[in-house]
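Read off the chains here:
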Amino acid sequence: MTGLQSPVGVRSIVTYLVAFFILASSIIFLFDKGHQDHVQMAVDRTGDEDTSKEECNWSRGQWVYDNVSRPLYSGLKCGFIFPEVACDKYGRKDVMYQHWRWQPYGCDLPRFDAIKLLEKLRNRRLVFVGDSVNRNQWVSLVCMVEASIPDDRLKIHIFNGSLISFKALEYNAVIEFYWSPLLVESNSDNPIIHRVDYRVIRADRIEKHASVWRDADIIIFNSYLWWRKQNDGMRMKVMYGSFEDGDAWLDEMEMIDGFEIALKKLTEWLGENIDKNKTRIFFAGSSPTHFGASKWGGEDSNKCLNETEPIYKVGYKSADYSLMAKAMSYFETLEPRGINVQILNITELSDYRKDGHPSVFRKQYVPLTKEQIANPASYADCTHWCLPGVPDVWNEFLYGYLMYK
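Conventions we followed
- Residues numbered from 1 in each chain as written.
- Predicted model: local features only at pLDDT ≥ 70, side-chain atom pairs only at ≥ 80, totals over all residues.
- Heavy atoms only, no water.
- 1 Å grid on protein atoms, 1.4 Å probe; cavity = no way out; pocket = protein on both sides within 12 Å on 5 of 7 lines; lining within 4 Å.
- Points joined across faces, edges and corners; volume = space filled by probe spheres on them.
- Helix = DSSP H or I, 4+ residues; strand = E, 2+ residues; numbered from the N terminus.
- Nonpolar A, V, L, I, M, F, W, Y, C, P; charged D, E, K, R; others polar.
- Disulfide = S-S within 2.5 Å.
- Buried < 20%, exposed > 50% of the residue type's maximum accessible area, 1.4 Å probe, protein only.
- Salt bridge = Lys/Arg side-chain N within 4 Å of Asp/Glu carboxyl O.
- Patch = residues over 30% accessible without salt bridge, like charges linked within 9 Å, V, L, I, M, F, W, Y side chains within 5 Å.
- Areas by Shrake-Rupley, 256 points an atom, 1.4 Å probe, with all protein chains shown as cover.
- Pairing = 2+ DSSP bridges.
- Axes fitted to C-alpha atoms, helices over the stretch in contact; angles between N-to-C directions.
- Contact = heavy atoms within 4.5 Å.
- Phe/Tyr/Trp six-rings, centres within 6.5 Å; stacked < 30°, edge-to-face > 60°.
- Lys NZ or Arg CZ within 6 Å of the ring centre and 35° of its normal.
- Parallel < 35°, antiparallel > 145°, perpendicular 65-115°, else oblique.
- pLDDT = per-residue confidence, 0-100.
- Left-handed = near helix turned anticlockwise from the far one by under 90°.

Student: What's the story with empty space enclosed by the protein in this structure? I'm lost.
Tutor: Take a probe with the size of a water molecule and roll it over the atoms, and the empty space left behind shows itself. Using the criterion set out here, one finds 3 cavities of 30 Å³ or more in the structure. The computed volume of the largest cavity comes to approximately 80 Å³. Along the walls of the largest cavity sit 15 residues, with Arg 70, Gln 98, Trp 100, Gly 389 and Asp 392 positioned nearest its centre. Examining the composition of the lining of the largest cavity, we find that 4 residues originate from one element, helix α9 (residues 390-404), more than from any other. A per-class count over the lining of the largest cavity returns 8 nonpolar, 3 polar and 4 charged.

And the structure:
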């Protein structure tokens, strides 16, 4: 009996071993396949990252707190910063607003490199044209660039009326801002004295402004703030003809209608005068304000006062996109001529940043009244942006387009 049982035991052991090896092989196969799939997914993602500069929608994403790579420069050390946006210099103690990085979904923004940008701008001229929000972006870009030029003898700042210039002498690169808040000629063209309750534009006059940017290699326009109604009854006037010719007359209209007249004239000028082989044109998206605190759960009377963190609600929208849509519709008419006006779509990402404004932490050019001192929210600036801050991301967009698109 013992002799008969031995082969059965051997067969059982062999059977078990075979089954074990089959099972093990199956597990190894599945693991290898899963690993290959994982590697393939990693390769696919790597491929996406390589092409994201051209395919990814940078304007869709989220703010990520990053106190390692942000801020990109020191506002206290930037010699070209303007006092109305130098919030830390004027008493703002919380610094979280400087440490937020914009992270698009599915890709990364190109890493800003000031030296590469200066090389791109060598012997070239970049001009921001518009209002104080556009100047805010200009100051941001200058601060981002000038930190890479430690020798003060190699960078200069020139004020010439409505034109402010930063020059990087080693590169012969010029980055300028030109004050033209309503694009065409207007009664608000004085860069210092321009706070007028009743705005008047000249419908057919743009050449005085255009002569400044005519030979620029890169132009970034921005004109929304001055077209927004300050109250429901606000209207504007459009002047036709000229006093010199004796045929001047005024027409009163809604702000949006005046905006269309200015867009029409700008579009006509670009179509007739721009060298599409030389000049790149951008139109910045609408920069949102944060005066209505009830939109994010606060008290309207506080505006953006004491806000220290962004709005975290995904998909939050309070900005008015109608002016931007109107601008896009006019610029599309230039495409058949081969002229492309690139929209810097910074509206949605800026909409989240209720914490990014100067509020009361800026230079006050007019002495505050007793009433204002008693109620700081009454004079809080919830329109412009502290630097370093949100406009730095706008310039990362601009950098990405200039370098990779």
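Having seen the model, we can carry on.
Student: Could you clarify how one ought to interpret the state of the cysteines in this entry?
Tutor: Cysteine pairs can be linked by a disulfide, which is a covalent bond between their two sulfur atoms. Scanning the model with the defined rule gives 4 disulfides in all. Bridging Cys 56 to Cys 107, the disulfide has an S-S length of 1.9 Å. One disulfide, between Cys 56 and Cys 107, carries an S-S torsion of -70° and so falls in the left-handed class. Of this pair, Cys 56 sits in the loop between α1 (2-55) and β1 (61-65) while Cys 107 sits in the loop between β2 (100-104) and α2 (114-120), and the two are 51 residues apart along the sequence. Residue classification places Cys 56 among the buried positions, given a relative accessible area of 14%. The cystine pairing of the protein chain, numbering bonded cysteines in sequence order, is 1-4, 2-5, 3-8, 6-7.

Student: Sorry if this is basic, but what is going on with the pattern of salt bridges here?
Tutor: Between side chains of opposite charge, pairing is possible as soon as their charged atoms come close. Following the criterion strictly, the structure yields 22 salt bridges and no others. Across the salt bridge formed by Arg 214 and Glu 207, the nearest N and O atoms sit 2.5 Å from each other. Here Arg 214 falls in the partly exposed class, since its relative accessible area comes to 35%. When salt bridges with common partners are traced through the structure, they connect Lys 229, Arg 235, Glu 252 and Glu 254 into a single cluster.

Student: Could you clarify how one ought to interpret a nonpolar patch on the surface in this entry?
Tutor: A grouping of Ile 156, Ile 158 and Leu 169 is seen on the molecular surface, where their side chains present a nonpolar patch of about 210 Å² in accessible area. You can see Ile 156 is positioned in strand β4 (residues 155-160).

Student: Looking at this structure, how should I read the sheet that holds β4?
Tutor: Two pairing modes exist for strands in a sheet, parallel and antiparallel, and in both the strands are linked by backbone hydrogen bonds. Ordered in space as β4-β5-β6-β3-β8-β11-β12, the 7 strands form an open sheet in which the pairing is mixed. Each end of this open sheet is capped by a strand with a single partner; those strands are β4 and β12 (341-344). Here the average twist between neighbouring strands, direction ignored, is 20°. Pairing analysis gives 4 bridges linking strand β8 (residues 218-222) to strand β11 (residues 280-284), with the strands arranged parallel. What sits directly across from Ile 219, in β11, is Ile 281. Seen against the sheet, helix α3 (residues 132-146) touches β3 (125-130), β4, β5 (163-168), β6 (173-179), β8, β11 and β12 and runs at an angle of roughly 160° to β6.

Student: Would you mind going over the packing of aromatic side chains with me for this structure?
Tutor: Geometry of an aromatic ring pair is reported as the spacing of the ring centres plus the angle between the planes. Enumeration over the complete set of coordinates arrives at 21 aromatic pairs. Consider the rings of Trp 63 and Trp 102, whose centres lie 5.3 Å apart with planes at 65°: the pair is edge-to-face. Highlighted residues: Trp 63 in strand β1 and Trp 102 in strand β2, separated in sequence by 39 residues. The ring of Tyr 198 has Lys 237 sitting right over it, with the charged end atom 5.3 Å from the ring centre. Just above the ring of Tyr 321 sits the side chain of Lys 317; from NZ or CZ to the centre is 5.4 Å.

Student: Please clarify how unusual backbone geometry should be interpreted in this entry.
Tutor: It is generally the case that most residues other than glycine have a negative phi and that most peptide bonds are trans. The amide bond that connects Arg 70 to the next residue, Pro 71, takes the cis arrangement and shows omega of 5°. For Pro 71, the position within the fold is in the loop between β1 and β2. In this structure, the amide linkage connecting Leu 387 to the following residue, Pro 388, adopts the cis form with an omega of 0°. Checked against the element boundaries, Pro 388 lands in the loop between α8 (370-374) and α9. For Leu 183, which is not glycine, the phi dihedral falls at a positive 70°. As for its placement among the helices and strands, Leu 183 is situated in the loop between β6 and β7 (200-202).

Student: Before we go on, may I ask you to explain the packing of α3 against α9 in this structure?
Tutor: When two helices pack together, their arrangement is captured by the angle between the axes and the distance separating the axes. Axis separation between α3 and α9 bottoms out at 9 Å; the angle between their running directions is 75°. Considering their axes alone, α3 and α9 lie roughly perpendicular with respect to each other. Here α3 contributes Val 133, Asn 136, Gln 137, Ser 140, Leu 141 and Met 144 to the contact with α9, which in turn contributes Pro 391, Asp 392, Trp 394, Asn 395, Glu 396 and Leu 398. When its residues are assigned to classes, the contact of α3 with α9 shows 6 nonpolar, 4 polar and 2 charged.

Student: I would appreciate a short explanation of the confidence of the model for the protein chain in the present structure.
Tutor: Predicted coordinates in regions of low pLDDT should not be interpreted in detail. In this model, the protein chain carries a mean pLDDT of 87, and residues with pLDDT of at least 70 account for 86%. Here residues 1-53 is a poorly scored stretch, pLDDT under 50, and it has 7 contacts once near neighbours within four places are set aside; other chains count.

Student: Help me understand the layout of surface pockets in this model?
Tutor: Approximately 260 Å³ is the volume found for the second largest pocket. Looking at the lining of the second largest pocket element by element, the count peaks at 3 residues for β2. Looking at the lining of the second largest pocket, its residues break down into 5 nonpolar, 2 polar and 6 charged.

Student: How do you make sense of the packing of helix α5 (residues 255-273) against helix α6 (residues 322-331) when you look at a structure like this?
Tutor: At a closest axis distance of 10 Å, the pairing of α5 and α6 adopts a crossing angle of 30°. Compared by their axis directions, α5 and α6 come out roughly parallel. Once α5 is placed against α6, the crossing between them reads as right-handed. The segment α5 lies against α6, with Ile 256, Phe 259, Glu 260, Leu 263, Lys 264, Leu 266, Thr 267 and Leu 270 engaging Leu 323, Lys 326, Ala 327, Tyr 330 and Phe 331.

Student: How should the pairing of β2 be read in this particular structure?
Tutor: Two faces belong to every sheet, and in a regular strand the side chains alternate between them. β2 sits mainly inside the fold: 4 of its 5 residues count as buried. Bridge count for β1 against β2 is 5 bridges, and the pairing is antiparallel. Bridge pairing links Val 64 to Arg 101 in β2.

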